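Below, each chain spelled out in residue letters.
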Amino acid sequence: MPFSIGRFSRRRRILVAVASIVALLAGGGTLALVASQPASARTSSTFESWGSWTEGGADVGFLADTTVRRSGAASLRITDASPLKAGVYGAISQGVSVKPNTRYDFTVWVRASGARTKAGSIFYAGRPDDRKYLPAGTYGWRKLSWSYTTGASESVLPIAVQAQDLGQFWFDDFTITTRGQSASVLANGGFEAFESLIGLGVSDLFFAPGDARIPITSPTPSVAWEVRDAAGVLVKAGTADTSTGAATLDFAALGPGYYRLVLSGAGAARSTSFTIVDGLDEALGASASRFGTTMHPTLQPGVHEDAAAAGLGLGAARLDLRWEAIELSPGVYTWDAATDDEVARLQARGVRPTLVIAYYGPYDAGRTPSSPDGIAGYTDFLRAAAERYGDGVDYQIYNEFNIAYSNGLCGQTPACYLKLLQPASQAVHEVAPGARVVGPALAGNTAMWLTSNESYNWLAEFFALGGLDLVDVVSVHNYGAPAAPEGHNDAVIRKITGLMAGYPAAANTPLWLGETGYFTTGEAAGGVSELQQARYLVRDASLALAEGVDAYLVYDLLDDWNDPQNPEANFGLVRNPASQSGVLAPKPVFTTMAVLTRQLEDRVFDRRDPVPQGAYSLVFTDASGSALRVMWATASTTVTAKATGAVTVVDQFGRSSRIDPVSGRVSIRLGVDPIYVTGGGIVF
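First, a word on what this report is: a plain description of the structure on this page. On a predicted model such as this, the values are computed, not experimentally measured, just so you know.

With that out of the way, let us pick up the sheet that holds strand E3 (residues 60-65). Ordered in space as E3-E4-E11-E6-E9, the 5 strands form an open sheet in which the pairing is antiparallel. Of all strands in the sheet, those with a lone pairing partner are E3 and strand E9 (137-149), marking the two edges. For this sheet, the mean angle separating the axes of adjacent strands, direction not counted, is 25 degrees. When strand E6 (residues 103-115) meets E9, the two strands line up antiparallel, connected through 10 bridges. Counterpart to Tyr-104 in the pairing with E9 is Tyr-148.

In terms of burial, strand E10 (residues 156-163) is largely enclosed, as 8 of its 8 residues are buried. Burial along E10 is two-sided: the residues Val-156, Pro-158, Ala-160 and Gln-162 and Leu-157, Ile-159, Val-161 and Ala-163 are all buried. Sheet topology note: the strand E5 (residues 89-97)/E10 ladder contains 8 bridges and is antiparallel. Its bridge partner lying in E10, Val-96 is registered against Leu-157. Sheet topology places strand E7 (residues 120-123) next to E10; 4 bridges connect them, and they run antiparallel. When the sheet's bridge partners are listed, Phe-123 is paired in E10 with Ala-160.

Next up on the list: the side chain of Thr-368. Tracing the chain through its elements places Thr-368 in the loop between strand E25 (352-358) and helix H5 (372-389). Owing to a relative accessible area of 1%, Thr-368 belongs among the buried residues under this scheme. Among the polar contacts made by the side chain of Thr-368, one reaches the side chain of Tyr-398 at a distance of 2.5 Å. A distance of 3.3 Å separates a polar atom in the side chain of Thr-368 from the backbone oxygen of Tyr-405.

In this section: the pattern of salt bridges. Applying the stated criterion across every chain, the model contains 26 salt bridges. A salt bridge links Arg-539 to Glu-486, with the shortest nitrogen-to-oxygen separation between them at 2.9 Å. Separated by 53 residues along the polypeptide, Arg-539 in helix H10 (residues 530-546) and Glu-486 in the loop between strand E28 (473-477) and helix H9 (489-500) bring together distant segments of the chain. Taken as a pair, Arg-539 and Glu-486 share a single burial class, namely buried.

Another point: the side chain of Glu-400. Mapping Glu-400 onto the fold places it in the loop between strand E26 (394-397) and helix H6 (414-431). A distance of 2.7 Å separates polar atoms of two side chains, one belonging to Glu-400 and the other to His-477.

On to the packing of aromatic side chains, then. The full count for this structure, using the stated rule, is 39 aromatic pairs. Above the face of the Tyr-139 ring, Arg-142 is positioned so that its terminal group lies 4.1 Å from the ring centre. One residue, Lys-495, lies across the ring of Tyr-456, its end atom 4.5 Å from the ring centre.

Let us now look at a negative patch on the surface. A cluster of acidic residues, Asp-211, Asp-278, Asp-281 and Glu-282, forms a negative patch on the protein surface. Topologically, Asp-281 is positioned in the loop between strand E20 (268-276) and strand E21 (291-295).

Here we come to the state of the cysteines. Taken as a whole and assessed by the stated rule, the structure comprises 1 disulfide. Residue Cys-410 pairs covalently with Cys-416 via a disulfide, S to S 2.0 Å. On the sign convention where negative means left-handed, the S-S torsion of about -85 degrees between Cys-410 and Cys-416 marks this disulfide as left-handed. Note on Cys-410: relative accessible area 33%, which makes it partly exposed. Of the residues examined, Cys-416 reaches a relative accessible area of 8% and is grouped as buried.

The next thing to look at is the packing of H6 against helix H8 (residues 454-464). Where H6 contacts H8, the axes come no closer than 9 Å and their chain directions differ by 50 degrees. The pairing of H6 with H8 is recorded here as oblique in orientation. At the point where H6 passes H8, the crossing takes the right-handed sense. Two secondary-structure elements touch here, H6 through Pro-414, Tyr-417, Leu-418 and Leu-421 and H8 through Trp-458, Glu-461 and Phe-462. When grouped by side-chain class, the residues that make up the contact of H6 with H8 number 6 nonpolar, no polar and 1 charged.

Rules used throughout
Within each chain, residues carry numbers counting from 1 in the order of the written sequence. The predicted origin of the model limits local features to residues at a pLDDT of at least 70 and limits the giving and counting of side-chain atom pairs to 80 or more, whereas totals for whole chains, interfaces and linings rest on all residues. The side-chain values count all of the structure's non-hydrogen atoms but skip hydrogen atoms and water molecules. Each pair of strands is called paired provided DSSP finds at least two bridges between the two strands. Working definition: helices are DSSP H or I runs of at least four residues, strands are E runs of at least two. Numbering for both runs from the N terminus. Axis definition: a line fit to C-alpha positions, over the contact stretch in the case of helices; interaxial angles, taken between N-to-C directions, run 0 to 180 degrees. Buried residues are those whose accessible area, probed at 1.4 Å on protein chains only, stays under 20% of the maximum for their type, while exposed residues exceed 50% and partly exposed ones sit between those limits. Under the rule applied, a polar contact is a pair of N or O atoms within 3.5 Å (in protein, one hydrogen donor and one hydrogen acceptor; residues adjacent in sequence only if both atoms are side-chain atoms). Counted as salt bridges are all cases of a side-chain nitrogen of Lys or Arg within 4 Å of a carboxyl oxygen of Asp or Glu. Centre distance within 6.5 Å is the pairing criterion for rings of Phe, Tyr and Trp, where only the six-membered ring of Trp is used; planes under 30 degrees apart are then read as stacked, over 60 as edge-to-face, and the remainder as tilted. Throughout this description, the term charge over a ring refers to an Arg CZ or Lys NZ atom that lies within 6 Å of the ring centre and within 35 degrees of the ring normal. Exposure above 30% relative accessible area and the absence of a salt bridge qualify a residue for a patch, where like charges join within 9 Å and nonpolar side chains (Val, Leu, Ile, Met, Phe, Trp, Tyr) within 5 Å. Methods summary: accessible areas were calculated by the Shrake-Rupley approach with a probe of 1.4 Å, and residue burial reflects only the protein chains presented. The positive count covers Lys and Arg only, the negative count covers Asp and Glu only, and His and the chain ends enter neither. Taken as the charge centre is NZ of Lys, CZ of Arg, CG of Asp or CD of Glu, depending on the residue. Disulfide assignment relies on a single distance test, namely cysteine sulfur atoms paired within 2.5 Å. Should an angle fall under 35 degrees it is taken as roughly parallel, and over 145 as roughly antiparallel, whereas 65 to 115 is taken as roughly perpendicular and any remaining angle as oblique. Take the far helix as your reference; a near helix turned counterclockwise from it by less than a right angle gives a left-handed crossing, and one turned clockwise gives a right-handed crossing. We call two residues in contact whenever any of their non-hydrogen atoms come within 4.5 Å of each other. Each residue is assigned to one of three groups, with Ala, Val, Leu, Ile, Met, Phe, Trp, Tyr, Cys and Pro labelled nonpolar, Asp, Glu, Lys and Arg labelled charged, and all others, Gly among them, labelled polar.

See the structure below:
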């Protein structure tokens, strides 16, 4: 998913600066790989002004040590139980506002136990050489001091304390002062402002009715807790006895919905979310294939995403199969175990994977393949993948060939794509005849598709050149974010289905909206709120199905990494595990999408009701003709209809209510949040 945002607040500049140093810590990895791993299962603390993460599956804990400290109430103890391996580390960081062309003095007190050479370091600017390595061995408190002069354009100094390889380090009294001054510009350098993290004894927070019980662990004798619904209304509150170190919170009596859980004790805290969904454990059958998502197992090794996908009622999932990470030298393939495992788990749950075969192999100087050798290499890689994964998956030929990902010498035209597609499609059909070839996975955005027609014309040329004969599924990507969905994806799909209608070969070719979604950075950062994401995706998916799309795939399942202000990091239906100490916790959109898939089970779009402008009533029927309406309005309004009996209304979070007719009519209040209406023999 390519995306860029041009607006940067001061806080955003700090976050970007910190992100750049994280990329350096990762050995020059791209920003999309930053902070991608869930936090270690070790007991950890949260420190005011500091953020922590692990990379490469590192087993690292960050703890406020109130026993071993140089001064004050606590020190920072970082424990790393990971073996030495490139890209496997943990770090804690903050961005510090500084003045250009200014001398700064650094002082930090460090002690260690069993530390190896270069097992720990402190980065203090944005270049690889700007780091202070910590002494190896076992020793008491040592003072490290150094100086640094900022450059002419430096206004933010990213500071990162890193641990890599086996060992323990303690840090205390970390100061950064302007030369000649005494006040430190580093916040909480004594690590005095901290909270211990209350532990959760579950791997995910998705529950069926009657099953919501959450074990907790806490260093405090008691924990106060409160549960609020999606609107922030207090639902339940109490205190748990954790004098033995543990307790179980029983929410089995709660009905379907999305909930926020806040836990607090003396110096300990936790905030998370959970959901209760009717039919969570029930398979949806063939109708589930209309809904899917994108997953990144290589970004989240060790995290099992299949339970979340199945809980959402999804039948499809796209997974990256990164060519450059697997074929490091011609003809030698090193397959990714995390992807293998996730594919197998998804298949066991009835979710069909689509493998995205991209981007750059050891040919054509690392560019998109365009030469005969490069195209042959890509085809051989795809053939090897098809031999490995077989008929149980589908294969997407490249990704968004019409934009910057495609940097081959041939160009980004449909003709260039067909040179790659033709032998690739043949290879899949020969080796795995039961698999489908998906393409062109065309990138677009609403302005391009509906105004300049650039992407639309690309697709028209692709069809005209015979592309429909080489794919089993037509896939397009489109994002209307952050705008409300009406008039965006639905209009794009209407235009594409109209185009496809002119080609006989398209008659039985499914159309997938292979990527779409909303990022939850909030409106100030160019995105949407979590509640907007929840309502928008339901409305968007309903409109897309009404316009004839065969599958609607949300980008993506998990937030890609833990940075609340980064658009690319916040498309997920589930929070990034690093923000939840490894636990999978839902956003509100998880609940609304799970309710949507179940409400529309075995139903197909039938018609639109004649309701006032700005209101929507999309009618979906099952094999018996029974009608379900997905209804909402862009502004608050009331619609009335004839009714012969009581009407059932299910809100977007799965809560049910009833409307009885008065004098043979029902009045239904509509707003921006979609509802599902059944029964009553409604006639508009």
